[in-house]
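Each chain is listed here by its residues.
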Amino acid sequence: MTTRLTTLPNGFRIVTERMPGLASASLGVWLTAGGRHERAEQNGIAHFLEHMAFKGTKRRSALQIAEEIEDVGGYINAYTSREMTAYYARVLAADVPLALDVISDIVLNPVFDPKEIETERHVILQEIGQALDTPDDIIFDWLQEAAYPEQAMGRTILGPSERVSAFGREDLTGFVGEHYGPDRMILAAAGAVDHDQIVKAAEAVFGGLAPARGAAVQQASWRGGERREVKELEQVHLALGFEGPSVRDRDFHAAQVYTTALGGGMSSRLFQKIREQRGLCYSIYAQAGAYADTGMVTIYAGTSADEIGALSELTIDEMKRAADDMSEAEVARARAQMKAGLLMGLESPSARAERMARHVALWGKVQTVEESAAEIEAVTRQEVLTFAAQMVEGTSSALALYGPVEQAPTHETLRRRLAA
């Protein structure tokens, strides 16, 4: 499998990887324009724009967009994250030109019909309502807000309902004009693809685009804090976050190995101690998320109001213990889990395309799978212990709680126990 990268004179990038033996391909356009690129008054517009891309172009109606891909058995979708927006499809090899034509059309030629804007506005408001009714989903938005208050990184991707209710056509076209420039776009394709053919087709469509006006992204500034929402639910949902390394930080892989050993699977410390031995919850896990300039180590659990105190205390105690006696066997197991997850995930052309797009956006090149696996394997027990100690000793934290949380410990109480 060979990765090839071509950059057009206007900055538009095309990255492909041919995967022998596949009869299908995944391809899409990734833009470095997500939630964190919005101003406060724009919060939610990137996600709204993603929805509107499928509501009709100058050449296709909304129904035609869906039918043209599904007529050939393909699949088309999109997503918005804090750092990127993606429009992508998976089709059989013979239909790659069609998929590229449809995707380029929805990215470059949306009509933003006023009637469709109103229809999709209602859909997004329903989506916001659904998120609020999903505690183990919304809790992470609230944790993000507590960690990065009053800044783009802390705002939700969906946006508040009052903003979404007010967006008009000018707001959509304005965000496109600011951020949808060729130098912010990456066309990634993996599977049964021909790099030269895709470059030729992309150059015809994207090669004449002029750069967007651009806007400097707001640097993330971790502050930490607490958000507590009382509601009559069966469980208390807890999300505890600590400032972590960015994806570019030297501690990035150590953080990944640490969280995997701490709470990344059934053999992890948190799962064994809190669920298996004590029976205090059904779900508990840890993960390390990373962005271009910041990151967060997160622990999530759901439990009863009566057990939240004991669960919180045990979680803190396990973090402290991990900084003292995380074993070589635990570190090796975590490395093996991470490498297996990486390699298994990349058996999918969709995962390959997304990985390539993210790498090009971050570093301007694609790291080989072998290089990524080697970086994971190089993490030592001492590096994990050092990182675990940083979590205990000097890292700011954030806390989000949702449900019957009147008796749940405060952010400061947990910080004091961690420091004791």
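Further up the page is the structure itself.
### As for the packing of aromatic side chains
Here's step 1: Under the definition given, this model contains nine aromatic pairs.
Here's step 2: Between Tyr 258 and Phe 387, the aromatic rings sit 5.5 Å apart at their centres with planes inclined by 65 degrees, giving edge-to-face as the arrangement. With Tyr 258 in helix 9 (residues 252-263) and Phe 387 in helix 15 (residues 381-393), this pair connects stretches of sequence that are 129 residues apart. Summarising the burial analysis for this pair, Tyr 258 and Phe 387 share the class buried.
Here's step 3: Put simply, the rings of Trp 30, Tyr 79 and Tyr 88 touch in pairs and so form one group of aromatic residues.

### A closer look at the environment of Arg 417
Here's step 1: Along the chain, Arg 417 falls in helix 16 (residues 411-419).
Here's step 2: C-alpha separation for the pair Arg 417 and Lys 320, spaced 97 residues apart in sequence, amounts to 9.6 Å.
Here's step 3: Beyond its immediate chain neighbours, meaning those up to four positions away, Arg 417 contacts Glu 313, Ile 316, Asp 317 and Lys 320.

### Details of unusual backbone geometry
Here's step 1: At Phe 112, a residue that is not glycine, the phi angle is positive and equals roughly 55 degrees.
Here's step 2: By secondary structure assignment, the location of Phe 112 is in the loop between helix 3 (96-108) and helix 4 (114-132).
Here's step 3: Of note, Glu 150 is a non-glycine position whose phi angle comes to about 55 degrees, a positive value.
Here's step 4: A relative accessible area of 75% means that Glu 150 is categorised as exposed.

### Focus on the sheet that holds strand 11 (residues 397-403)
Here's step 1: With mixed pairing, five strands are arranged side by side in an open sheet as 7-11-8-10-9. The open sheet has two free edges, formed respectively by strand 7 (225-230) and strand 9 (283-290), since each of these has just one partner strand. Strand-to-strand twist in this sheet, taken as the mean axis angle between neighbours without regard to direction, amounts to 10 degrees.
Here's step 2: In the sheet, strand 8 (residues 236-244) pairs with strand 11 via six bridges, with the strands oriented antiparallel. Each residue of the ladder has a partner; that of His 237, found in strand 11, is Tyr 402.
Here's step 3: Contacts from helix 5 (residues 135-147) reach strand 7, strand 8, strand 9, strand 10 (295-303) and strand 11, with the element oriented near 145 degrees to strand 11.

### Regarding helix 12 (residues 328-345)
At 3.6 residues per turn, the α-helix brings residues three or four places apart onto the same side.
Here's step 1: Taking 1.5 Å as the rise per residue, helix 12 with 18 residues should run 26 Å; its terminal C-alpha atoms sit 26 Å apart, in good agreement.
Here's step 2: The set of residues buried in helix 12 consists of Glu 330, Val 331, Ala 334, Arg 335, Met 338 and Leu 342. The buried residues of helix 12 occupy an angular sector of 135 degrees when the element is viewed end-on, so they sit on one face.
Here's step 3: Structurally, helix 12 contributes buried residues whose contacts are with helix 9, helix 10 (269-277), helix 11 (308-325), helix 13 (349-363), helix 14 (369-377) and helix 15.

### Details of the packing of helix 3 against helix 8 (residues 195-206)
Here's step 1: Interaxial distance between helix 3 and helix 8 falls to 11 Å at its minimum, and their mutual angle equals 25 degrees. Put simply, helix 3 runs roughly parallel to helix 8. Of the two elements, helix 3 crosses helix 8, and the hand of that crossing is right-handed. Contact with helix 3, carried on its side by Val 96, Leu 100, Ser 104 and Leu 108, involves Ile 198, Ala 201, Ala 202, Val 205 and Phe 206 of helix 8 and no other residues of that element.
Here's step 2: Tallied by class, residues from the contact of helix 3 with helix 8 come to eight nonpolar, one polar and no charged.

### Let's talk about the pattern of salt bridges
Here's step 1: One pass over the full model with this rule turns up 30 salt bridges.
Here's step 2: Note that Lys 55 and Glu 120 form a salt bridge whose closest N and O atoms lie 3.4 Å from each other. Taken together, the positions of Lys 55 in the loop between helix 1 (45-52) and helix 2 (62-70) and Glu 120 in helix 4 put the pair 65 residues apart, joining distant regions of the chain.
Here's step 3: We note a salt bridge from Glu 276 to Arg 275, for which the minimum N-O separation is 3.1 Å.

### Brief notes about the sheet that holds strand 1 (residues 2-7)
Here's step 1: Spatially, 1-2-6-3-5-4 is the arrangement adopted by the six strands of the open sheet, whose pairing is mixed. Edge strands, defined here as strands with exactly one partner in the open sheet, are strand 1 and strand 4 (75-80). The average angle at which neighbouring strand axes cross in this sheet is 15 degrees, direction not considered.
Here's step 2: Sheet topology places strand 2 (residues 13-18) next to strand 6 (residues 185-191); six bridges connect them, and they run parallel. Bridge pairing links Arg 13 to Ile 186 in strand 6.
Here's step 3: Its contacts with the sheet put helix 1 on strand 4 and strand 5 (85-92), and the angle it makes with strand 4 is roughly 170 degrees.

### Concerning the nonpolar core
Here is a general trend for soluble globular proteins: nonpolar side chains tend to be buried in one another's company.
Here's step 1: Membership of the largest hydrophobic core comes to 65 residues, with the highest contact counts inside it found for Tyr 87 and Tyr 180.
Here's step 2: For this core, the leading source of residues is helix 3, giving seven residues.
Here's step 3: Listed in part, the 50 residues of the second largest apolar core include Cys 281, Ile 299, Leu 346 and Leu 414.

### Observations regarding helix 10
Here's step 1: Of all the positions in helix 10, only Arg 269, Leu 270, Phe 271 and Ile 274 are classed as buried.
Here's step 2: Taken together, the buried residues of helix 10 touch helix 9, strand 9, strand 10, helix 11 and helix 12.
Here's step 3: Remark: Gly 279 follows helix 10 within two positions and exhibits a positive phi of approximately 65 degrees.

### Overview of the pairing of strand 4
Here's step 1: Note that strand 4 and strand 5 share six bridges and pair antiparallel. Pairing of Asn 77 across the sheet is with Tyr 88, part of strand 5.
Here's step 2: Linking two consecutive strands that pair antiparallel, namely strand 4 and strand 5, is a turn of four residues.

Parameters and conventions
Residues numbered from 1 in each chain as written. Predicted model: local features only at pLDDT ≥ 70, side-chain atom pairs only at ≥ 80, totals over all residues. Heavy atoms only, no water. Phe/Tyr/Trp six-rings, centres within 6.5 Å; stacked < 30°, edge-to-face > 60°. Helix = DSSP H or I, 4+ residues; strand = E, 2+ residues; numbered from the N terminus. Buried < 20%, exposed > 50% of the residue type's maximum accessible area, 1.4 Å probe, protein only. Contact = heavy atoms within 4.5 Å. Pairing = 2+ DSSP bridges. Axes fitted to C-alpha atoms, helices over the stretch in contact; angles between N-to-C directions. Expected span 1.5 Å × (residues − 1). Arc of directions from axis to C-beta. Parallel < 35°, antiparallel > 145°, perpendicular 65-115°, else oblique. Left-handed = near helix turned anticlockwise from the far one by under 90°. Nonpolar A, V, L, I, M, F, W, Y, C, P; charged D, E, K, R; others polar. Salt bridge = Lys/Arg side-chain N within 4 Å of Asp/Glu carboxyl O. Core = buried A, V, L, I, M, F, W, Y, C linked by side-chain atoms within 4.5 Å.

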